[in-house]
Amino acid sequence: MPSKKIRVNEYTVKSHYRTIHTRVFHLICSYCHDAVERESYATSCPKYGNQCNGVAGKCKRFEKKS
């Protein structure tokens, strides 16, 4: 599980470093409605998968066939 160190600068606590880890989210993409697995540092579940990321031009499912 990848992790990284971030510097926390807030006025209510003393400045410090902390290590945050990624989580694997299993979700249904809001754009292409495909079941995806996404690894992210996010604290809440993401809306889109890594393939399309909510952009029509990147979505593999809706590619134009010529």
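Heads up: the structure comes first, above all this text.
Model, not experiment: these values are computed from the prediction. Along each chain, residue indices are assigned from 1 in the same order as the chain's sequence is written. Side-chain atom pairs in this predicted model are given and counted only at pLDDT of 80 or more, local residue features only at pLDDT of at least 70, and totals for whole chains, interfaces and linings cover all residues. Neither water nor hydrogens contribute to the side-chain values; these are computed over all heavy atoms in the structure.

Q: Looking at this structure, I do not really get the overall build of the protein. What am I missing?
A: Tallying secondary structure elements over the protein gives zero helices and four strands in all. Secondary structure is summarised from DSSP: a helix means a run of H or I of at least four residues, a strand means a run of E of at least two, and numbering begins at the N terminus for each. Helices (α) and strands (β) of the protein occur, in sequence order from the N terminus, as β-β-β-β. The buried label applies to any residue whose accessible area, calculated with a 1.4 Å probe on protein chains only, is under 20% of its type's maximum; exposed applies above 50%, and partly exposed to all values in between. Out of the 66 residues in the protein, the part that is buried amounts to 21%. Counted over contacts in the protein with a minimum sequence separation of 6, partners at least 24 positions apart contribute 14%. Between two residues, a contact is recorded if the distance between any of their heavy atoms is within 4.5 Å.

Q: I tried to follow the packing of aromatic side chains on my own but got confused; where do I start?
A: Given two aromatic rings, one states the distance between the centres and the angle between the planes to describe the pair. Working definition: rings of Phe, Tyr and Trp (its six-membered ring) pair if their centres are within 6.5 Å, and the pair is stacked with planes under 30 degrees apart, edge-to-face with planes over 60 apart, and tilted otherwise. Following the criterion strictly, the structure yields zero aromatic pairs and no others. Two conditions define a charge sitting above a ring: the NZ of Lys or the CZ of Arg must be within 6 Å of the ring centre, and it must be within 35 degrees of the ring normal. One cation-aromatic arrangement involves Lys4 over Tyr41; the distance from NZ or CZ to the ring centre is 4.4 Å.

Q: Mind showing me how you'd approach the pairing of strand 4 (residues 35-40) here?
A: Side chains on a regular strand alternate between the two faces of the sheet. Side-chain alternation along strand 4 places Val36, Arg38 and Ser40 on a buried face and Ala35, Glu37 and Glu39 on a face that remains uncovered. One requirement defines pairing of two strands: DSSP has to find at least two bridges between them. Between strand 3 (residues 23-28) and strand 4, which pair antiparallel and follow one another directly, the connecting turn spans six residues, one of which, His33, has a positive phi of 60 degrees.

Q: Where do I start with the environment of Tyr31 in this structure?
A: Along the polypeptide, Tyr31 turns up in the loop between strand 3 and strand 4. Among the residues examined, Tyr31 registers a relative accessible area of 30% and is labelled partly exposed. As a C-alpha pair, Tyr31 and Tyr48 span 17 residues in sequence and 6.6 Å in three-dimensional space.

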